[in-house]
Every structure is written in C-alpha cells, then in structure tokens.
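Residue strings, one per chain:
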Amino acid sequence: MKNNSQIKVEFLGNTTMYADIASAKSAVRELIKDVKKPSKLTVTVPEGTYSNKDFVFTEEDCSDIVKVIWKADGDVTITAGLSVPKAEWKEPDSEMADRFDADVLPNIKMISLTDYGLTKDDWGEEVAIGTYKMDRLYDDASRGSDIGFFIGEHRMIKARYPNEGFNFFNVVDPGDTKTQRNPYGGEYRIDQETADRIKTWKDQTGAWIFAYYVFDWADGSSPVKFNTDTLSLFPKYIACGAGEVSEGFGFKPKYYLYNIPEELDVVGEWYLDRESGNLYFWPYDDADSADFYFKNELIISLTNTKNMVFRGFTLTGTAGNVIDTTCDNMTFDRLHVKKIGGRAMTLRGWKNTVSNSEFEHLGRGGIDLTGGVEATLTHGENRITNNYIHHFSEVYSTYQGGIVINGCGNIADHNEVCYTPHSAVSLGGSEHLFEYNYIHHAVSNSSDAGAIYQGGNWSSRGTVMRYNIISDIGGYPGYYPNGIYFDDGMSGQTAYGNIITKCQGFAFLIGGGRENIVKHNIIVHSNRGINYDDRYRDGFVGDGWAQGIKKRGSGMWNTLNYVPYLEEPWKSKYPLLAKTNLSEDPAVCDDPDFPINPAYSRIDENVFIDVNVMRENLLRMSDSVYVYSSVEGNIDFQFRDESDEKAGWDPEVFNLRDDSPVYSMIPDFEKIPVDKIGRIGIGIGE
C-alpha cells in the first residue's frame, strides 16, 4: 500500500508538497499550532490505496481556529484489509479435495493466507455472531473478530445448509436457564431430510448453527453437535430468551448450519481450514480480486478531535467500526464506506455532520449518532443528511439500524436507507427531527419489528417524524413487520405527513405509550392500518403479558426518572409529563395521568387507501385508547380496484391529486412534499 505521489498541503496562500501522509501530518501540526486568526488548511491526498495506520488523529491535528480539511483527489482508498488478485488464486490442494462434491470441485479456488504473511493469530478460531449471541457465558468460547471475505462487491457466505433461507426446528429442551456460567445449551428436533444431509458430512465437529431460537428479533450462533438417529441438534451456547415462551408470539424457531466444507456447493460460498490457513471458495465471475478483513481496527482513528473535515475517501477492510469517536464540529462528506464487519460510524458529540456519503455491505449498522443533553433539553445539533445507506446488518441481523440517533435535538434528513433484514432506523431520546427520508426494503427477516423503531420510554418527548416515505416493508412469508413502531410504552412522539406503502404489518404499531400524535399520514396499498394497544394497563389491572409493570421500580417505571420532568425546562415545555401521577394507591389506576394508561394521544385524520385487511385491523385500538385518547376523523377508501381513483391517489407522482376528496374531507390536510423526499438530486427512485 504505497503511493509515490506527493501529499499537497495548502495554507494561507502557500502550497507545499510532502512525500507521505506522516510528513504531511507533522507539517500540519506545526502550521496550525500558533494561529490566532480563523482560517482553513487543506490536505489533498492523491489517488491510491493507503494503510489505516497512517490515518490516526489526535487533538494535535486540529484547532479551534483553523478548519483542517483532508480530501481525496480521485480514487483514494484507506484500508486495514488484504486484497488478493485473481491471478494469485490457486487450485484446491488434494488434502481437502475429497470433502468437496466431484461436480463442484472444478469451480473451487484456494487462497493460502500464509502466503501473505498471515498466521493463525490473524484469522483465529470461529467466533459467534449475532446481536443476541450468548458466547459470553462460556469460559472456553473463542474470542476475536469474525473474518469477512468479498469477491468484488459480493459478500461471500460461509458454506452452509440450506443455501438460502432457513430450516425450522422444534424445542425439546430450551437449556439450563439457571446456571450463570457454562449452561447447557438445550436440545432441538430437526427433520429427517436435514439429518440425512448431516450424515453425508465426513466430519461434523466443526459445524455451527445460526438461529432465531425463541424470538424473531433475537439472532445468535453457536457450535453445534448432532444425534441424527434421534433427529436431535445440540447447540453449545444457550439461546437468548431460552426458558421463555418457546415459540414466542407464534414464531417458529428457524436456523441454518454453516462452516461445513461439504456444503460448499454454490457460487458465493467459502470455507477456511483454520489449521492450514487455506481458504476455499466458489468465486463470482465478475470480479478480479478477493478482499478480506481480519481485525477490529478503526480505518480513521480520531481522539479528541474537532473542527475537521474528511471528504471523498473510500474506507474499507475492518472487522469492526470504520470510525468510532467523541468529537465536535466534524464533517464527514462524500465518503464511501463498504465491505466491513462492524458499524460504519459511531459518533458522540456536538455539531457533527455526515453528508452526501454511501454506506454499503456493512456487517452491522450504518451511522450511530449521540449528542445533546436530555436533562436540559440542550440540542446536539448533529446532522445526518443526504446519505445512501444500503445492504447493512449482513452479519448481525437484528437491531443494527442504518441510522441510530440518541440524545437530544439531532436531525436526519434526505437519506435513503434500504435493504436490511431488520430495522432501518432507530431513534431514542428527545426532540429529534426525522424528515424527508426514503426508507424501503427493510425488515425482510422479522415480524415483531419496525422499519423505524423506538422503544421503551415514558419520558421521551418531542421527536418529530414527518414527510418520509416508508415502502416495501417485510418479505419473509407469514411475517408481518411494521412501518413505524412505538414499542413498549414509547411516548411523546409525533408522526405526520408520512406515506407508508406496501407494508406487510401495521403501518403504525403503538405499544401502550402516551402523548403520541399520529396525524395526516397516508397509508396506501398495505396489509394493515394502525394498531394501538394498552399493554401496560392490561398488565397492571389484568393478566396481560406486561405483568412486570405491577412491580414498582421495574424498568418501565424507571424511565420516568431518565429526565428531570418536574423541573425546568421540562416542567413548562411538557406539562402533561409533569402531571404524571405516581401514587402507590392502585385505586388511581383509572386516572389518565397514571402512566400505565394510553392517554393524551391523537390518532386523527389519517388516510387509508386500499389497505387489504379485515376491518378490525384497519384501526385496531384497545378499548382504553378510546377512553384516554382521541381517534377521530380517519378516512378509509376501500373500493377494491377503484380505491386509488376514489381517493384521488396518483401512483405516477406517488401522491394525492390536487382534486382529491381528502382535501375537502380534512380541510387542513396539507399536500405532502413528495418531490423533496429522498436524497437530494435522486428522489425516491431505485
């Protein structure tokens, strides 16, 4: 990774060339050290591939006075990974050849990782993956990073069965849920066809399982053993949620098996012999290199930095996050982050901006941003704008949002977020603005989830979601994921002017929260409408699943203490929250201000067009919602093939026509600015 071109540094009208990144960095530190007048310094990096070890920055590399800009000139890639050109791929060695099917063998290539100076310390042992992996409970679990392997732009998949989708199993024994260390992982019953397939493997000891054992939002992996005579499968690591409802919410546990050389039988699969370091794979035809990541290394390392700009770089080749830092007034612009194992960016701080960038093929999520102070309602003023975030959560399959925002007072606008097995966006905290975003093809592999997800807080307030398009939500047969999901008591949220279409589940699912406003949204060509339940009231006064709410001091009660809601500025700005009745007397449970009640919400004047459900799923409200909240003025256009015409919906412009009857039926219903939604200059096209 060498580049013979020179690094250009421009400052105060002077231009100086440097032989390498290290020399340019040293010069910058000297140039900005004693500057008293606001100014700008630009470092231009010429085309080439550079090591991440050169891009380590501290407080010495930045200044309050001088804005330091690092920018790429042409195709500049910064990486911690390894690239092996096609010319160096080998034919498989004879030692492993007998484990591959004879018809498949001519397609398989091999790379010897030891040829590139790598050792077992670099690739390590197989490690658990999944957001809810439970390897932490086991003393002998392998630690380290999971290897990533790409052919061109294709993420290669460890040899697995079945090649696509999942098999299903039944729970025989969920495992030892009482033992804190090294618990028994349980027993699951598989089908005869799978057992017969396992019998064909020459060695079963290296096999792993990836599964959703109990809930469709809890993924994890484990080494696995088999007894094919009894159709039994034994994961070493216990499942998240084991011991709870074994088939939670009607969910049937699903899994696939992987890390099996005999199953390397289709293009895009690979297997690593971890003793020899020989890697076997069936490559795609449209690429001329194999690219790997091995270690959890930052691509750009930032410590106590501020007032800097990074523009135009391609960042790749790490098992971890590309950028993970606390910083202020930083700009990350026109970046291309791809082919990594972790999250693209984790930012904490004030007035940071991520803009005009593309993020793809991420093992975890996209941009995770935290800023502002909820206690004082001080806005972080961070912004995520005009980015394209797609094909993420490829290794960790749940709760790895393309955009995750926490804290207070941050903005995400004009982004396109798509192609993910679970939630596209997750919001927490207060007073964020989420607008003009295009979310599509999300939650393809779960049901109890939402494309935009917020969950579990009675004290959150003031976040606004407006003028977003949410489309093509769901994918797995029999699953019904939701568009916008206010889960487990999420309160104080406002959603208006959004268009939700082609959603397999509810457009909105509101899980027992308070002071939520869902108004003037268009729900079109979807499967279900709006659900608003009273799960905490049901758990408190009845036998609902949320019976834990009867224990004062439990998690949900504690969310009221996340912020000083009885003090200023909270007391004046959110007076209904300040009225919250925390009496210990169960006789007050009918008081609207008692927090178990779904009170002070408005589910008003939404428009439903061709929502293909039975009537009870159009507005499925618990009885107490009608008692404590407003559900008024919602309009339903259900005329089969004539729904669009009757509603005045124009699918060509993806909006209501100017002569739509909606505008007379709801006089203050504003036309949704569809032309402004999505990436600037791109819109909502594919």
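Residues numbered from 1 in each chain as written. Predicted model: local features only at pLDDT ≥ 70, side-chain atom pairs only at ≥ 80, totals over all residues. Heavy atoms only, no water.

1. With respect to empty space enclosed by the protein
Worth spelling out the cut-off: Note on definitions: the grid is 1 Å and covers protein atoms alone; a cavity is a set of points where a 1.4 Å probe fits but cannot get out; a pocket is an open set with protein on both sides within 12 Å along at least five of seven lines; lining residues have an atom within 4 Å of a point. Grid points are joined across faces, edges and corners, and a volume is the space filled by probe spheres set on the points. Think of it as three bins: nonpolar holds Ala, Val, Leu, Ile, Met, Phe, Trp, Tyr, Cys and Pro, charged holds Asp, Glu, Lys and Arg, and polar takes everything else, Gly as well.
If you walk through the whole model with that rule in mind, you get two cavities of 30 Å³ or more. In this structure, the largest cavity encloses a volume near 60 Å³. Class assignment of the residues belonging to the lining of the largest cavity gives a composition of eight nonpolar, three polar and two charged. Around the second largest cavity sit ten residues that line it, and Val171, Pro174, Tyr188, Val214 and Ala242 are the ones nearest its centre. Its residues assigned to classes, the lining of the second largest cavity shows six nonpolar, three polar and one charged.

2. Quick word on the pattern of salt bridges
Applied cut-off: Salt bridges are counted wherever a side-chain nitrogen of Lys or Arg sits within 4 Å of a carboxyl oxygen of Asp or Glu. Where helices and strands are cited, they refer to DSSP runs of H or I of at least four residues and of E of at least two residues respectively, numbered from the N terminus. A 1.4 Å probe rolled over the protein chains alone gives each residue an accessible area, and that area as a share of the maximum for its type sets the label: buried under 20%, exposed over 50%, partly exposed in between.
Taken as a whole, this structure holds 43 salt bridges when the rule is applied. Two residues, Asp593 and Lys579, come together in a salt bridge whose shortest N-O distance is 3.7 Å. Here Asp593 is found in the loop between helix H8 (575–578) and strand E51 (602–604), whereas its partner Lys579 is found in the loop between H8 and E51, with 14 residues between them in sequence. With a relative accessible area of 9%, Asp593 lands in the buried category. According to the relative accessible area criterion, Lys579 is partly exposed, its value standing at 43%. A single network of salt bridges, built from pairs that share partners, joins Glu126, Asp146, Lys158 and Arg274.

3. As for the sheet that holds strand E9 (residues 154–155)
The following threshold applies: Think of it this way: DSSP has to see at least two bridges between two strands before they count as a pair.
The strand order E6-E21-E8-E9 describes an open sheet built from four strands, whose pairing is antiparallel. At either margin of the open sheet sits one strand with a lone partner, and together these are strand E6 (82–85) and E9. Bridge count between E6 and strand E21 (residues 289–293): four bridges; the pairing is antiparallel. Residue pairing across strands places Leu82 opposite Phe292, the latter belonging to E21.

In short, geometric facts, not functional conclusions.
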